[in-house]
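# Summary of structural features
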Amino acid sequence: MQKQKDMVISFERNSGDFLLNLSTALDELDKDIAEAQEIDSICTDEWCVAIERNIDDLHNEVYMISEPRFSDPSESHKIRDLRNRLHDLYERYKGVKQHAAA
């Protein structure tokens, strides 16, 4: 029984670290998109491809998270927030890309 408790504690700690790292990655992406909104010269084809790849990678990571039934409800809330943030960032990115193409 103690081994199972240790596994749950380890999972919760690792899961929290993983979610924190994903949140940090979204913060960096947010900063990059904000810079592109302010400076048109940043939004080149190369930049757009790099941002799209980052968004795709983050999308895969966020949506592949499987929540065990013993996880804390706050973890579910954090995951839902990450998904919403990613969606909002993608919408902002599409706006920047359309503005640059015009």
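An account of the accompanying structure is given in this report.

### Let's talk about the overall build of the protein chain
- Counting secondary structure elements, the protein chain contains 3 helices and 0 strands.
- Listed N to C, the secondary structure of the protein chain is α-α-α in terms of helices and strands.
- Put simply, the protein chain has 102 residues, and 24% of those count as buried.
- For the protein chain, contacts bridging at least 24 residues in sequence account for 78% of all contacts bridging at least 6.

### Let's talk about the pattern of salt bridges
- Applying the stated criterion to the full structure yields 6 salt bridges.
- E75 is the salt-bridge partner of K78, the closest N and O atoms lying 3.7 Å from each other. Residue K78 and its partner E75 are both found in helix 3 (residues 73-101); the two are separated by 3 residues, about one turn of the helix.
- K94 is paired through a salt bridge with E91; the nearest N and O atoms lie 3.5 Å apart. Linking K94 with E91, this pair stays in helix 3, spanning 3 residues, or about one helical turn.

### Notes on the packing of aromatic side chains
- The full count for this structure, using the stated rule, is 2 aromatic pairs.
- On the numbers, 6.1 Å between centres and 40 degrees between planes, the contact of W47 with Y93 is tilted. Taken together, the residues W47 in helix 2 (residues 45-63) and Y93 in helix 3 connect sequence positions 46 residues apart.
- Note on Y93: relative accessible area 1%, which makes it buried.
- Between the aromatic rings of Y90 and Y93, the centroid separation amounts to 6.1 Å while the plane-to-plane angle is 35 degrees, which identifies the pairing as tilted. Of this pair, Y90 and Y93 both sit in helix 3, 3 residues apart, which is roughly one turn of that helix.

### Brief notes about the nonpolar core
- L22, L29, W47 and Y93 are the most contacted members of the largest nonpolar core, which totals 20 residues.
- Of all elements in the fold, only helix 1 (2-38), helix 2 and helix 3 reach the threshold of two or more residues within this core.

Here is what the cut-offs are and how they apply
Residues numbered from 1 in each chain as written. Predicted model: local features only at pLDDT ≥ 70, side-chain atom pairs only at ≥ 80, totals over all residues. Heavy atoms only, no water. Helix = DSSP H or I, 4+ residues; strand = E, 2+ residues; numbered from the N terminus. Buried < 20%, exposed > 50% of the residue type's maximum accessible area, 1.4 Å probe, protein only. Contact = heavy atoms within 4.5 Å. Salt bridge = Lys/Arg side-chain N within 4 Å of Asp/Glu carboxyl O. Phe/Tyr/Trp six-rings, centres within 6.5 Å; stacked < 30°, edge-to-face > 60°. Core = buried A, V, L, I, M, F, W, Y, C linked by side-chain atoms within 4.5 Å.

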